Structures are given as C-alpha cells and as structure tokens.
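# Structural characterization, general
The lines below spell out each chain.
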Amino acid sequence: MDSTIELQQLTLREMELELADPLRTSYGVRNTRRVLLVEARDAAGATAWAECVAFEDPGYLPETIHSARHVITRFIAPLVLGRRFDHPRDLHRLLETNVRGNPMARAAVEMAAWNVAAQKNSLPLARLLGGRREAVPTGIAIGIQPSLSRLRERTEQARAEGYRRIKLKIAPKNDIEPARTACEAVGAENVMLDANCAYSLNEIDTFETLDTLGLMMIEQPMGWDDLADHATLQRRLKTPICLDESLSGLARVRDMAALGSGRVVSIKPGRVGGLTESLAIHDFCVDHRIPVWCGGMLETGIGRAYNVALASLPGFTLPGDLSPSRRYWKRDIVDPEWEMTDDGFVSVPDEQPGIGVSVDSDRVERLTENRETLTAFE
Ligand code: MG
C-alpha cells in the first residue's frame, strides 16, 4: 500500500454559498455561509478538494475563516508543501508539533492529504479509514423556533422525512417547554438537546427538570472549554451529557472520561485537527464503550463527504448531523448532491477512489470571490 504524499500546491478559494434557510447566530441572521475551500495537488498528479469548516465569526470556537486562512498560508503551507510523507498520519504529526491550536486550518490540509492517499490506493476514503458501513444514520438539528406550535410542526415533519434523531437547539428560558413539546411529538428517545455552552451551574434546576424527560442526551450545556462544571452537572443527571466544543482532541476526551464530564462524544474532524485525531478519538471511545456520533459544521458537500466517510466506522453508533444537501443549500457544489433515504440513511460512496463526489468546478469557479495559489517553490 502506497500512501506517500507530496503536496506541490494548495489553492485557497473563498465564496458565499446561499443557504436554504436563514441561519440565526448570536451575531445576527445570515442567508449565506462563507466557505473556504482547499484544492491540493500532489506530485503524482492527484487533486484533492477539502474544506476549512471555520465560520466567519468566533461564536463557536476562536478560529475564524480569516485566521484559518492566515495560518494555512503563512505556516501550514511552508511546512508541508514539497515535503514527502509516508502517510497522512505523519503530516498530522508534523502539524500538531508545529502549529498549536488552529485545528480547522490544520484539518483542511490534513484531510486533503487523506483524500490524496485514498486516490493513490484506489480506495474510497471510507475504506481507507477503516469504515465498514454501507450507509450512515442521519439526524437533524433544528434551531430555536418562534412558537411551540411551529416547533411541533418542524419536529413532526423532520421525523416524517425519515430523520433518525431530532436535535433541538435550546437557550435559557427557551428550553423546558420546547424540549417537552418535541418529546411529546416524536418520543423522548428520539430527541436530544444542544445548549451550545449557554448555561452555568446556577441553572442546575433547569437540567434537573429536563432530566425527567428521558432524552437521548444533552449536548454541551456548560462553557465552551469547560470540563469541571460538566462533571458536576453529569453527577446530578441520569441523562447523558455529550461534549462538543470542549473536545479539542484526544487528550480532552481522555480528561472527559477521567473526570466524568460526559458520556457521549461528538466528533467533528475540523474541531479536532483532522481525520488522524478523529480516528484516535474513535478508537479510544470504542475501547471505553463511549458512544460516538459525527457532528456537523454547516459544510458544503465536500466537507460532508469526509464526515460521511468517518461516520462509516463501527464506533459511530448514534445518528450524525449528516443531513442531505437540500437541508442546507439552495444548491450544493458537488455532483451528485447528498441525498437521504426515506428511512434516514445516507449512502457511503463505495465506487470511486477518494471522497466519492465530484466538485462542480465550473460553478465553484463562478462563485469564487478570491483565489490564492501556494506552491512548493516560493
Ligand atoms: Mg454542538
């Protein structure tokens, strides 16, 4: 098996892609998502598209598209371009040693390297990673709704479309009644909540009430880099806590397990610095019987392809945020677009080498607002 990688060129492109539904964040409402794509070219001629999943604002984690682009251009490209690696793991190790933090910047290039390795071995990425599933179960994330009746309608609709679990975003004072409504509509065993770090231990009563509902799990209720308060809260609850923002890599997952900060892990390859780290977390969780699922970062069909490949590994026992293209985009930039079956599964591409979807490069070219090509010999 030849997994040698020698990247000669990285092309960065930025564009605005139109969302199917407006996106509400603490910074306002948006109708588009700004996207940073990486196109890597290997010395042997393989071309690999990947996506940097950072947002424009630092409302999820500190990294932004702007900071990620700076780190890729100034630090990651000079380290990796023109250098030979025996395996994507070695590229990961070099980046981890030399670039602290900035996981989404590192992941964009590291994932492209995995894609190159898959193409060189004529393997679908999922199989190179060790994935065995043919299709992955899919869940949906539903934002805070204007009314309980609208929430009930959205939840029932999602269930009817086939989604295998409903994730409800909650915020202080917009939590117990929405959660109860969703549980009544589709059954508590199908409902999880995502609090996106909006609470503190002062609100422990709220969680004790939510705990009586029998939910699948509650995601990241405490601070974005917290483990200790989560551990305090988890000791008081029967409902499993799932961590997202706090888990920057395997070391933090180990700490979570040691401290009892949560019982479920969401893996997002961008958040943890790429696929090598994602695999290490997956293996640790399998060994420690911690259920794992794949989170989403409002990726285009390119980023989604990597998530689907990762979610085909055996430890991903819970439905992931792997919605089909039409859920997020007026029109995706891949061909074919991602589809979901009536019973909520997305097929794992198993025919072509690499990520299994083609990039609509004419459309990407038209959408590109700016482009920068970095080469090995500058
Ligand atoms: Mg989350």
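Details of the structure are given in the entry above.
One structure accompanies this document, and this report is about it.

### Observations concerning the overall build of the protein chain
If you tally the helices and strands in the protein chain, you get 14 helices and 15 strands. Here the C-alpha atoms of the protein chain give a radius of gyration of 20 Å, agreeing with the 21 Å that 2.2 N^0.38 yields for 378 residues. If you line up the protein chain on its principal axes, its C-alpha atoms span 60 × 40 × 40 Å. A buried classification covers 58% of the 378 residues belonging to the protein chain. The contacts of the protein chain with a sequence gap of at least 6 include a subset with a gap of at least 24, amounting to 73%. A total of about 15300 Å² of accessible surface is found on the protein chain, and carbon and sulfur atoms cover 47% of it. When the 45 positive and 55 negative side-chain charges of the protein chain are each reduced to one mean point, those points stand 1 Å apart.

### Some remarks on the packing of helix H2 (residues 88–98) against helix H3 (residues 103–120)
At a closest axis distance of 9 Å, the pairing of H2 and H3 adopts a crossing angle of 165 degrees. Considering their axes alone, H2 and H3 lie roughly antiparallel with respect to each other. For the pair H2 and H3, the sense of crossing is right-handed. Seen from H2, the contacting residues are Pro-88, Leu-91, His-92, Leu-95 and Glu-96; seen from H3, they are Arg-106, Glu-110, Ala-113, Trp-114 and Ala-117. Across the contact of H2 with H3, the residue classes tally to 6 nonpolar, 1 polar and 3 charged.

### Considering the packing of aromatic side chains
If you walk through the whole model with that rule in mind, you get 2 aromatic pairs. Relative to Tyr-60, the ring of Phe-55 lies with its centre 6.4 Å away and its plane at 85 degrees, an arrangement referred to as edge-to-face. Between Tyr-199 and Phe-207, the aromatic rings sit 4.9 Å apart at their centres with planes inclined by 75 degrees, giving edge-to-face as the arrangement. The class for Tyr-199 is buried, based on a relative accessible area of 5%. When its relative accessible area of 0% is taken as the criterion, Phe-207 is described as buried. Here Arg-165 stacks its cationic end above the ring of Trp-293, 4.9 Å away from the centre of that ring.

### Re the nonpolar core
Leu-10 and Val-265 are the most contacted members of the largest nonpolar core, which totals 122 residues. Core analysis: the second largest hydrophobic core is formed by 7 residues, Met-192, Met-216, Met-217 and Cys-242 among them.

### A look at the environment of Val-53
Along the chain, Val-53 turns up in the loop between strand E3 (47–52) and helix H1 (65–80). Look at Val-53 and you get buried, because its relative accessible area is 7%. Between the alpha carbons of Val-53 and Arg-34 there is a distance of 9.6 Å; along the sequence they are 19 residues apart. If near-sequence neighbours (up to four positions away) are discounted, Val-53 is found in contact with Arg-33, Met-104, Gly-270, Met-297 and Glu-299.

### As for the coordination of the magnesium ion
For the magnesium ion, the protein coordination sphere consists of Asp-194 (OD), Glu-219 (OE) and Asp-244 (OD), at 2.1 to 2.5 Å. Considered as a linear motif, the donors of the magnesium ion on their single chain read D-x24-E-x24-D. Placement of the pair is Asp-194 in strand E7 (residues 191–194) and Asp-244 in the loop between strand E9 (241–243) and helix H9 (250–259), with a sequence separation of 50 residues. The two residues Asp-194 and Asp-244 agree in class, both being buried.

### Overview of the pattern of salt bridges
Within this structure, the stated rule accounts for 32 salt bridges. The partner of Arg-304 in a salt bridge is Glu-299, and the shortest N-O contact between them spans 3.9 Å. One exposure class covers both Arg-304 and Glu-299, and it is buried.

### Here we look at helix H5 (residues 148–161)
Taking 1.5 Å per residue, 14 residues should reach 20 Å; H5 reaches 20 Å between its end C-alpha atoms and fits that length. Residues of H5 that are buried include every one of Leu-151, Arg-154, Thr-155 and Ala-158, and no others. Burial along H5 is one-sided: seen end-on, the buried residues are contained in an arc of 95 degrees. Set apart from the buried face of H5 by more than 90 degrees, the exposed residues are Ser-149 and Ala-160. Tucked inside the fold, the buried residues of H5 contact strand E5 (140–142), strand E6 (166–169), helix H6 (176–186) and helix H13 (325–328). Of the residues trailing H5, Gly-162 is marked for its positive phi of about 115 degrees.

### Looking at the pairing of strand E1 (residues 7–25)
Bridge count for E1 against strand E2 (residues 28–42) is 14 bridges, and the pairing is antiparallel. Its bridge partner being in E2, Leu-7 is matched across the sheet by Asp-42. Pairing of E1 with strand E15 (residues 370–375), which is carried by 6 bridges, proceeds in the antiparallel orientation. By the bridge assignment, Leu-12 is partnered in E15 with Glu-372.

### Here we look at unusual backbone geometry
Both trends apply: most residues other than glycine have a negative phi, and most peptide bonds are in trans. Following Asp-335, the chain continues into Pro-336 via a peptide bond in cis, with omega recorded as -5 degrees. Phi at Gln-220 takes a positive value of approximately 40 degrees, unusual for a residue other than glycine. Tracing the backbone through its elements, the reader meets Gln-220 in the loop between strand E8 (217–219) and helix H8 (228–236). Overall, Gln-220 belongs to the buried group, its relative accessible area being 0%. For Arg-289, which is not a glycine, the phi torsion comes out positive at approximately 50 degrees. Counting through the fold element by element, Arg-289 comes out in the loop between helix H11 (275–287) and strand E11 (292–294). On the basis of relative accessible area, Arg-289 is assigned to the exposed category, the value being 78%.

The rules behind the values
Residues numbered from 1 in each chain as written. Predicted model: local features only at pLDDT ≥ 70, side-chain atom pairs only at ≥ 80, totals over all residues. Heavy atoms only, no water. Helix = DSSP H or I, 4+ residues; strand = E, 2+ residues; numbered from the N terminus. Rg over C-alpha atoms; globule rule 2.2 N^0.38 Å. Buried < 20%, exposed > 50% of the residue type's maximum accessible area, 1.4 Å probe, protein only. Contact = heavy atoms within 4.5 Å. Areas by Shrake-Rupley, 256 points an atom, 1.4 Å probe, with all protein chains shown as cover. Lys, Arg positive; Asp, Glu negative; His and termini not counted. Charge placed at Lys NZ, Arg CZ, Asp CG, Glu CD. Axes fitted to C-alpha atoms, helices over the stretch in contact; angles between N-to-C directions. Parallel < 35°, antiparallel > 145°, perpendicular 65-115°, else oblique. Left-handed = near helix turned anticlockwise from the far one by under 90°. Nonpolar A, V, L, I, M, F, W, Y, C, P; charged D, E, K, R; others polar. Phe/Tyr/Trp six-rings, centres within 6.5 Å; stacked < 30°, edge-to-face > 60°. Lys NZ or Arg CZ within 6 Å of the ring centre and 35° of its normal. Core = buried A, V, L, I, M, F, W, Y, C linked by side-chain atoms within 4.5 Å. Donors = N, O, S within 2.8 Å, 3.2 Å for Na, K, Ca; no water. Salt bridge = Lys/Arg side-chain N within 4 Å of Asp/Glu carboxyl O. Expected span 1.5 Å × (residues − 1). Arc of directions from axis to C-beta. Pairing = 2+ DSSP bridges.

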